[in-house]
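Observations on the three-dimensional arrangement
Listed below, chain by chain, are the residues.
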Amino acid sequence: MQRLPIAERPGWRERAEELGFLFHTIDGEPYWIDDAYYRFTLRQVEDDIEAPSSELHEMAMNLVDEVLRSESLLTKLRIPRPFWEWIAASWHRGERHLYGRMDFAYDGKSPAKLLEFNYDTPTSLYEAAYFQWIWLEEQIAAGNLPRGADQYNAIQDWLIQAWGDQKKDLPKPVYFASVRDHAEDRGTILYLRDCAVQAGVESQIIDIEDIGISTEGHFTDLDDRIIRALFKLYPIEFMFEEEFGARLPTSAVRLIEPPWKAILSNKGALALLWERHPGHPNLLETHFDDEPSTSLPAGWVRKPLLSREGANVHVHLPDGNSVLEPGPYDAGGHVRQRYVELPRFGDRHAVIGAWMIGDAPAGMGIREDVGYITRDTARFVPHVIVNE
Amino acid sequence: MKRSRMLYLGVLGTVGALSGCTEEQPAMVFNSLDECKASAITTPAVCQEGYDQALKNHGTTAPRFTSIADCEQDFGPGKCQALTHSGSDTGSFFVPAFTGFMVARLLQNQNSGQYYSSSGYWGQPLYRTRNDSFGTWRTSDNATISGTGRVSVPSEVAHPATRAVTMSRSGFGSVSSARSSFSSSSSGRSSSSSSSGG
């Protein structure tokens, strides 16, 4: 695993915009990095990322099944009680899921360590699945990379396949919802919708704020049409708290991701996995941290059960220094996870995002950030597989 | 090869390329329960359940008029009846006569809750306005249906209500917007709302 420079593609920004990738630069800061890449060997990718992600996914799915049969575990994860039955029903009905991203600390040598699951609203999808692929094709065509250069990336193929597989179970049309005026989230749902359309799924787009509730308790669109299938790029736990949240179980809406993903978007799942598989080479030691007022020992990281984009994560480095990412997620429980060194390349560290589409490992994307915590300011850097 | 051989993106950034299409699906239309049962195109059980459902839906979805004159203006003299409701509805109003019914297969995922049917079919009432020549009908939503026996209709007409009266909106999104001021100041990005992704 190496980070290498490469000539950037002339006119790549225009190309990005032409392809719908409007957030390649955010507020003047680069998000997409065109002039560098990470290089892996096939063995590293297959043995150290693909195989473990497949195994961890299976462990995670078994955990969902166990949690949904246990009131004490649901309580421990602070899943609100009014939603228990509804969440469990979505699992027992076999409602399929579309995607998830596991974040790994990996240096090319030691076993990849799972930092967390992003299994409800994973982002950086379009850039991993599509723009990264285009980048490689064009860099090969330009002669900047050898003909045999490859990439761990069949994400889009699998996405189209996954939509095709669940199409027959989905009411028509499927509404794709994201937060109003957020270019990155909107870009992600447009991309997912594109994949769905290629699989023959009928679709509509709606801002999450525009969803209405009918006199009979159905969700509606701006034309008062009943929403029966809703892909939401919006945290399920936010919905639980919001005004219409209580209506979810009786609205008969089919949610994608399904409600049972609430178990895996919860950091408590990491503690439960460690309890069940202590010492697993790809897991970091993690425990519930029910008394976050007590001091965090050096070499541990405290994370809220529910947190996105690294918010409210507190890192107590082995050297005694502390890093605290402020944020709005401080209410609720926490977990304590063993600190792991992230590989550094220059002034940045890298985190591997391994994508599962349905239940299949499908590809990866790499984000790097300056500080230890990977936030929403991270940059996306393409990767290449070259065998030496 | 660990990557896709070919990727294609069609509609990214464009709006609703396929969403306007209407798909047709098969349905069955009958003048009466007896006609349905005598027909060879479906089973008596489907007839009975479809008819019962249609009759029940007639009570709730039939076009309503406050005067018989208004009703007859649309549906013709002698073609309207008073419908008296028990429960919260007070008084009576006028609805067109139940002149036939349509039965169509429910989508698997629609067969739940108030739409549940053991046969997997959905029945709805049909009406005839003054403008309907023999052989055409109107649904409760005023969609035109032609023919009896096997027919082909747009999917959205064959299924339970696709529209509803919206009481309120903006019941989702509040947590995200409450956190947006935080997000933009701490991350250095000034998006007007915070990302929901992770």
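Not measured: the values here are computed from a predicted model.

**Quick word on the side chain of Thr220(A)**
Relative to the helices and strands, Thr220(A) resides in strand S10 (residues 219-220). Polar side-chain contacts of Thr220(A) include one of 2.7 Å to the side chain of Thr166(B). Not counting residues within four places of it along the chain, the set of residues in contact with Thr220(A) comprises Ile206(A), Asp210(A), Ile211(A), Gly212(A), Ile213(A), Ser214(A), Arg225(A), Ile226(A), Ile227(A), Ala164(B), Thr166(B) and Arg169(B).

**Some words on the side chain of Glu242(A)**
Structurally, Glu242(A) can be placed in the loop between helix H8 (236-241) and strand S13 (254-256). Of note is the side chain of Glu242(A), whose polar atom sits 3.0 Å from the backbone nitrogen of Ser174(B). Not counting residues up to four positions away in its chain, the partners in contact with Glu242(A) are Tyr234(A), Gly171(B), Phe172(B), Gly173(B), Ser174(B), Val175(B) and Ser176(B).

**Re the pattern of salt bridges**
Residue and element names in this part refer to chain A. On inspection of all chains with the given rule, the structure shows 33 salt bridges over all chains. Ionic pairing is found between Asp 47 and Arg 43, a salt bridge with its closest N-O pair at 3.7 Å. On the criterion of helical spacing, the pair formed by Asp 47 and Arg 43 is a turn pair, its members being four residues apart in helix H2 (residues 42-67). According to the relative accessible area criterion, Asp 47 is partly exposed, its value standing at 43%. With its nearest N and O atoms 3.2 Å apart, the salt bridge here joins Arg 69 to Asp 65. Looking at Arg 69, the relative accessible area reads 59%, which means it is exposed. The partly exposed category is assigned to Asp 65, whose relative accessible area is 25%.

**Brief notes about unusual backbone geometry**
In the segment running from Lys172(A) into Pro173(A), the intervening peptide bond is cis, with an omega of -10°. The topology assignment puts Pro173(A) in the loop between helix H6 (155-166) and strand S7 (174-178). At the junction of Ile256(A) and Glu257(A), the peptide bond is cis and its omega measures out at -5° in the coordinates. Note that Glu257(A) resides in the loop between S13 and helix H9 (268-276). With a phi angle near 50°, Asp27(A) is a residue other than glycine that sits in the positive phi range. Looking at where Asp27(A) falls in the secondary structure, it is placed in the loop between strand S2 (25-26) and strand S3 (29-30). Residue Asp27(A) is classed as partly exposed on the basis of its relative accessible area of 45%. Phi at Ser170(B) takes a positive value of approximately 60°, unusual for a residue other than glycine. Following the sequence through the fold, Ser170(B) ends up in the loop between strand S9 (166-169) and helix H5 (174-178).

**Details of the state of the cysteines**
Residues and elements named next belong to chain B. This model, assessed by the stated rule, comprises two disulfides over all chains. With its sulfur 2.0 Å from that of its partner, Cys 36 forms a disulfide with Cys 47. Note on the Cys 36 and Cys 47 pair: the S-S dihedral is about -85°, so by sign convention the disulfide is left-handed. Taken together, the residues Cys 36 in helix H1 (residues 33-38) and Cys 47 in helix H2 (residues 44-61) connect sequence positions 11 residues apart. One exposure class covers both Cys 36 and Cys 47, and it is buried. The disulfide partner of Cys 71 is Cys 80, and the gap between their sulfur atoms is 2.0 Å.

**Some remarks on the pairing of strand S8 (residues 203-207) of chain A**
Residues and elements named next belong to chain A. Of the pairings in the sheet, the one linking S7 to S8 comprises five bridges and is parallel in character. The partner of Tyr 175 across the bridge, within S8, is Gln 204. Running through helix H7 (residues 183-198), the crossover from S7 to the neighbouring parallel element S8 is right-handed.

**Thoughts on the sheet that holds strand S15 (residues 300-304) of chain A**
Residue and element names in this part refer to chain A. Across the sheet, which stays open at both edges, the five strands sit in the order S14-S18-S15-S16-S17 with antiparallel pairing between neighbours. In this open sheet, the two edge strands, each paired with only one partner strand, are strand S14 (286-288) and strand S17 (322-324). Strand-to-strand twist of the sheet, defined as the mean angle between neighbouring strand axes without regard to direction, takes the value 15°. Taken together, the five bridges between S15 and strand S18 (residues 334-338) define a ladder with antiparallel strand orientation. Pairing of Arg 302 across the sheet is with Arg 336, part of S18. Together, S14 and S18 form the strand contacts of H9, whose direction differs from that of S14 by roughly 115°.

**Concerning the domain arrangement of chain A**
It is common to give the size of an interface as the accessible area lost on bringing the parts into contact. Residue and element names in this part refer to chain A. Partitioning chain A into structural domains gives domain 1 (2-265 + 344-385) and domain 2 (285-338). Each side of the interface is counted separately: domain 1 has 19 residues, and domain 2 has 16 residues. For the pair domain 1 and domain 2, the interface holds one salt bridge. The closest approach of N and O atoms between Glu 116 and Lys 303, which form a salt bridge, is 3.3 Å. For the side of domain 1 that touches domain 2, the elements supplying multiple residues, two or more each, are strand S6 (113-118) and H8. With three residues, the single largest contributor to the side of domain 1 that touches domain 2 is S6. A per-class count over the side of domain 1 that touches domain 2 returns seven nonpolar, four polar and eight charged.

Definitions and limits used
Residues numbered from 1 in each chain as written. Chains lettered and ligands numbered in written order. Predicted model: local features only at pLDDT ≥ 70, side-chain atom pairs only at ≥ 80, totals over all residues. Heavy atoms only, no water. Helix = DSSP H or I, 4+ residues; strand = E, 2+ residues; numbered from the N terminus. Polar contact = N/O pair within 3.5 Å; in protein donor to acceptor, adjacent residues only side chain to side chain. Contact = heavy atoms within 4.5 Å. Salt bridge = Lys/Arg side-chain N within 4 Å of Asp/Glu carboxyl O. Buried < 20%, exposed > 50% of the residue type's maximum accessible area, 1.4 Å probe, protein only. Disulfide = S-S within 2.5 Å. Pairing = 2+ DSSP bridges. Right-handed = clockwise from strand over helix to strand, strands pointing away. Axes fitted to C-alpha atoms, helices over the stretch in contact; angles between N-to-C directions. Domains from an automatic or database assignment. Nonpolar A, V, L, I, M, F, W, Y, C, P; charged D, E, K, R; others polar.

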